[in-house]
Amino acid sequence: MTRSDALQLLEQFASLQGRLVRNFLELYAPKDREGYRDAPKGTLSTDGRTWKCQRHGAGVVFVDLGGVRVNAHVGMAEYPEGMDGGRLFEYLDSLGLSVVIFGDREYDVTKFEMDQMIDDMVQGGLLRAITTKGRFPYRIFELVRSSSDPSDGGKSLDLG
C-alpha cells in the first residue's frame with residue numbers, strides 16, 4: 001500500500017494512539033507525566049495486538065510486532081489523541097505509505113509534507129491547534145469532533 005486517504009488515516013491514528021496511551025497510563029501508572037522517567041520498558045496489549053513500549057524523550061514510543069510505530073510524546077497524558085507532523089510521519093511511514101491524499105492534493109509521507117498537510121487541515125477546520133501545558137509547552141493538533149450527534153460517541157467530524 002503506497003497511497004491512502006489522509007483524513008481516514010488521521011482518524012485511525014488518533015484513535016489508536018489514544019487507546020495505547022490510556023492503556024499505558026492505566027497499566028504502568030507513571031507519576032512523571034512530562035518526561036516519563038519512571039516508566040518501565042514493557043509490553044501491553046491493545047485491540048488484540050501486542051505492543052512494545054519504551055520511554056522516548058518526553059513520551060513513549062509503541063511498536064507492534066509488525067513494526068507499526070506510534071510515537072506519543074509531549075502532552076500525551078493531557079491529549080492522548082494529539083498529533084503533529086512528526087508523529088503522523090512516523091506512523092504512516094511504518095505502515096509503508098509513501099503518499100496520502102487530502103482533498104485534491106497528494107502529500108508525500110515526509111515530515112515536511114505532513115506538517116503542511118496538518119496546516120491545511122487546520123485551515124480547513126478539520127484540526128485545531130492546542131498548546132500543551134507544563135514544563136514543555138508544545139503545539140499539537142486534535143481532530144475537530146461534533147458533540148451534536150451522541151449516537152456516534154462524538155466520533156463524527158464537525159465539518160461545518
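Residues numbered from 1 in each chain as written. Predicted model: local features only at pLDDT ≥ 70, side-chain atom pairs only at ≥ 80, totals over all residues. Heavy atoms only, no water.

Draft legend 1. Region of the structure containing the packing of aromatic side chains. Going through the model one piece at a time under the given rule, you end up with four aromatic pairs. On the basis of an interplanar angle of 45 degrees and a centroid distance of 5.2 Å, the ring pair of F24 and Y28 is categorised as tilted. Taken together, the residues span about one helical turn, with F24 and Y28 both in helix 1 (residues 6–28) at a distance of four residues. On the basis of relative accessibility, which here comes to 1%, the residue F24 falls in the buried class. Of the residues examined, Y28 reaches a relative accessible area of 22% and is grouped as partly exposed. Measuring from ring centre to ring centre gives 5.9 Å for F24 and F62, while their planes differ by 85 degrees; the resulting arrangement is edge-to-face. Here F24, found in helix 1, pairs with F62, found in strand 4 (residues 59–64); they are 38 residues apart in sequence, far enough to count as distant. (Phe/Tyr/Trp six-rings, centres within 6.5 Å; stacked < 30°, edge-to-face > 60°. Helix = DSSP H or I, 4+ residues; strand = E, 2+ residues; numbered from the N terminus. Buried < 20%, exposed > 50% of the residue type's maximum accessible area, 1.4 Å probe, protein only.)

By themselves, these observations are geometric and do not establish any function.
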